[in-house]
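Listed below are the residues making up each chain.
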Amino acid sequence: LSKGQVYRSGTSSYIDRIKSYFSISAALEPWCIVLPSTTEDVSVVIKTLTTHLCPFGIQSGGHGLFPGANSIRNGVTVDLGEKEAALGRRISTTSR
């Protein structure tokens, strides 16, 4: 997992990512947002968070409208958008 895949609270990348969520009213403000881009990244992130008993939420392709549906306060949001984008790129190049 590279440094560019972790957005700390208050940075422009963090703010832009929060604003990109389907429902701004549902997006809480986590300590940071982690954007794993591979299955291995997801595994490392989840194992690390659970080993240290760190609260986390998963942001994926859903459209939850209530707070906590796509984020977490006082924890880490694991945003699967980059992994899903990578999967889409692989599917589009293999289906030609």
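Participant: So what's going on with the pairing of strand β3 (residues 56-59)? Which residues, and what values?
Facilitator: The side chains of a regular strand alternate between the sheet's two faces. Only one face of β3 is covered, namely the one carrying Gly57 and Gln59; the face carrying Phe56 and Ile58 has none of its residues buried. As paired elements, β3 and strand β4 (residues 76-79) share 4 bridges and run parallel to each other. Counted as the bridge partner of Ile58 is Val78 from β4.

Participant: Could you give me a rundown of the confidence of the model for the protein, with the residues and numbers involved?
Facilitator: Residues of the protein with pLDDT of at least 70 account for 66%, and the chain-wide mean is 78. At the level of individual helices and strands, the protein shows its lowest average pLDDT in helix α3 (residues 81-94), which scores 51, and its highest in strand β2 (residues 32-34), which scores 95. Here residues 86-96 is modelled with pLDDT under 50, and outside its nearest four sequence neighbours on either side it reaches 1 contact, counting other chains as well.

Participant: Now, about the sheet that holds β2: what can you tell me, with residues and values included?
Facilitator: Reading across the sheet, the 4 strands line up as β1-β2-β4-β3 and stay open at both edges, with mixed pairing between neighbours. Two strands bound the open sheet, and with one partner strand each, they are β1 (6-8) and β3. Strand-to-strand twist of the sheet, defined as the mean angle between neighbouring strand axes without regard to direction, takes the value 20 degrees.

Participant: Account for the pairing of β4, naming residues and giving values.
Facilitator: Along β4, one buried face is formed by Val76 and Val78 and the opposite face, lined by Thr77 and Asp79, is buried too. Bridge count for β2 against β4 is 3 bridges, and the pairing is parallel. Bridge assignment links Cys32 to a residue of β4, and that residue is Val76.

Participant: Would you mind going over the pattern of salt bridges in detail, with residue names and values included?
Facilitator: Note on pairing: side chains with opposite charge can pair once their charged atoms come close. For the structure shown, the criterion picks out 1 salt bridge. Between Arg17 and Asp79 there is a salt bridge, and its shortest N-O distance comes to 2.7 Å. In this pair, Arg17 sits in helix α1 (residues 12-19) while Asp79 sits in strand β4, placing the two residues 62 residues apart along the sequence.

Participant: Can you explain the nonpolar core? Please cite residues and give values.
Facilitator: Core analysis: the largest hydrophobic core is formed by 8 residues, namely Cys32, Val34, Val45, Leu49, Cys54, Val76, Val78 and Leu80. At the level of secondary structure, the elements contributing two or more residues to this core comprise β2, α2 (39-51) and β4. Dropping the residues within four chain positions of it, Cys32 is found in contact with Val6, Tyr7, Arg8, Tyr14, Gly75, Val76 and Thr77. Within the second largest apolar cluster, 7 residues are counted, among which are Tyr14, Tyr21, Ala27 and Ile33.

Calculation rules
- Note on numbering: residues in each chain are counted from 1, in written sequence order.
- In view of the model being predicted, local features appear only for residues whose pLDDT reaches at least 70, and side-chain atom pairs are presented and counted only at 80 or more, with totals across whole chains, interfaces and linings using the full set of residues.
- Think of the side-chain values as coming from all heavy atoms in the structure, minus any hydrogens and water.
- Accessibility here uses a 1.4 Å probe with only protein chains present; expressed as a share of the type maximum, an area under 20% marks a residue as buried, one over 50% as exposed, and anything in between as partly exposed.
- Runs of E in the DSSP output that reach at least two residues are strands. Runs of H or I that reach at least four are helices, and both are numbered from the N terminus.
- Whether two strands pair depends on DSSP finding at least two bridges between them.
- Each residue gets a pLDDT score, which is the predictor's confidence in that residue and runs from 0 to 100.
- Residue contacts follow a heavy-atom distance rule, with two residues in contact if any of their heavy atoms lie within 4.5 Å.
- Axes, fitted as lines to C-alpha atoms, cover a helix only where it is in contact. Angles between the N-to-C directions of the axes lie from 0 to 180 degrees.
- Just to be clear on terms, a salt bridge is a Lys or Arg side-chain nitrogen sitting within 4 Å of an Asp or Glu carboxyl oxygen.
- To define a nonpolar core, start from buried Ala, Val, Leu, Ile, Met, Phe, Trp, Tyr and Cys residues and group those joined through side-chain atoms within 4.5 Å.

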